[in-house]
Amino acid sequence: MKPLARHVLPVLVVLGLAAAGCGNAGAQRATTATRTAAPASSVATPTASPTGPTGASRPGDGLVAGRYQPLWPFSGTGEVAAWRRAYRKDGRGAWHLDARRTALAFTRDYLGFTGIDRVARTVAQGAHARVHVAYRGEDNSRPLVAAVVHLVRYGSGGDAPWEVVGTDDTSLSLTKPGYGAVVRSPLTVGGRISGVDESIRVQVRQPGSATPVGQRCCVSAGGSGSPWSARVSFTATPGRTLTVVASTGGHLAAVERFAVTGVTLAMP
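Conventions and cut-offs
- Residues numbered from 1 in each chain as written.
- Predicted model: local features only at pLDDT ≥ 70, side-chain atom pairs only at ≥ 80, totals over all residues.
- Heavy atoms only, no water.
- Phe/Tyr/Trp six-rings, centres within 6.5 Å; stacked < 30°, edge-to-face > 60°.
- Buried < 20%, exposed > 50% of the residue type's maximum accessible area, 1.4 Å probe, protein only.
- Helix = DSSP H or I, 4+ residues; strand = E, 2+ residues; numbered from the N terminus.
- Expected span 1.5 Å × (residues − 1).
- Arc of directions from axis to C-beta.
- Contact = heavy atoms within 4.5 Å.
- Core = buried A, V, L, I, M, F, W, Y, C linked by side-chain atoms within 4.5 Å.

As recorded in an unreviewed UniProt entry, the protein goes by the name DUF3108 domain-containing protein, listed as coming from Nonomuraea helvata.

And the structure:
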């Protein structure tokens, strides 16, 4: 998911309760923690200097808005500049200017959660957007929210594209490793979950790779705000920003909830 700053949005709590999951309504209550607002080194108010390496130490050459991990679709400012040139020339890739389309593409194309195919709500605040991605419930009466994807404009100006920087915690949280942490393999991953008979899958993904660079399946979990933990090995390019993904499902859909966080693989 993301940094640890609190963005207390009542609507997120409401939708968190409606989000799909397993078991009873209590399993769906939202927490107030968010995962895109604070650096890994602290649970206090975030600063503009996260703990991950920047500049020449990473191929992805820049944080988003000076503090967020660039998870997808761009890995750095060089890629953003190349896309902006192409867009200004012939309108190529205009979907990057649509937060909803970007969030769904991240969920379906990058993470591979094809059953999550709709947006229940979008909350936009300046350069930030929180898109509630969802799937169809059994009765087809309303979408069930699987995650709240946090996006930030990557750069300035009217054609600054949207970049996924994390997710907000709900009834499935991913708090370890900390957002922006420098990590090595094997990696210990964990958080808390509310639900019944949950089975948590953990993946590590790297931009440019169609498949996970590491994964662990599956971790049995359940209860109310119960801790869960897993250890996953992976092979990736040092210095790159990686996306760590935790997901659960199998009751109403293959994936009913997921959470992501951004980390950087340590240099040798």
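Don't stop here, the text continues.
Visitor: So what about the packing of aromatic side chains? Which residues, and what values?
Guide: Taken as a whole and assessed by the stated rule, the structure comprises seven aromatic pairs. Taking the centre distance of 6.2 Å and the plane angle of 50 degrees together, the rings of Phe-74 and Trp-83 count as tilted. The residues Phe-74 and Trp-83 share a single accessibility class, namely buried. Each member of the aromatic cluster is reached from another via a ring pair, and the members are Trp-72, Trp-95, Phe-106 and Tyr-110.

Visitor: Can you break down helix H2 (residues 77–90) residue by residue, with the values?
Guide: Look at H2: 20 Å from first C-alpha to last across 14 residues, which is about the 20 Å you get at 1.5 Å a residue. Val-80, Trp-83, Arg-84 and Ala-86 are the residues of H2 that are buried. Taken down its axis, H2 places every buried residue within 165 degrees of arc, on the same side. With respect to the buried face of H2, the exposed residues turned more than 90 degrees away are Arg-85, Arg-88 and Lys-89. Two residues or fewer after H2 comes Gly-91, characterised by a positive phi angle close to 75 degrees.

Visitor: For the environment of Ala-236, give the residues involved together with the corresponding values.
Guide: When you line up the elements, Ala-236 lands in the loop between strand E7 (214–232) and strand E8 (241–248). On a C-alpha basis, the gap between Ala-236 and Leu-265 in space is 7.4 Å, while along the polypeptide they are 29 residues apart. Once residues lying within four places of it in the same chain are set aside, the contact partners of Ala-236 are Gln-206, Val-213, Leu-242 and Leu-265.

Visitor: Describe the nonpolar core, listing the residues and the values that go with them.
Guide: The biggest cluster of nonpolar side chains holds 27 residues, and the ones touching the most others in it are Phe-106, Leu-111, Val-133, Val-149 and Phe-258. Setting aside chain neighbours within four positions, we find Leu-111 in contact with Phe-106, Gln-203, Arg-205, Val-245, Phe-258 and Val-260.

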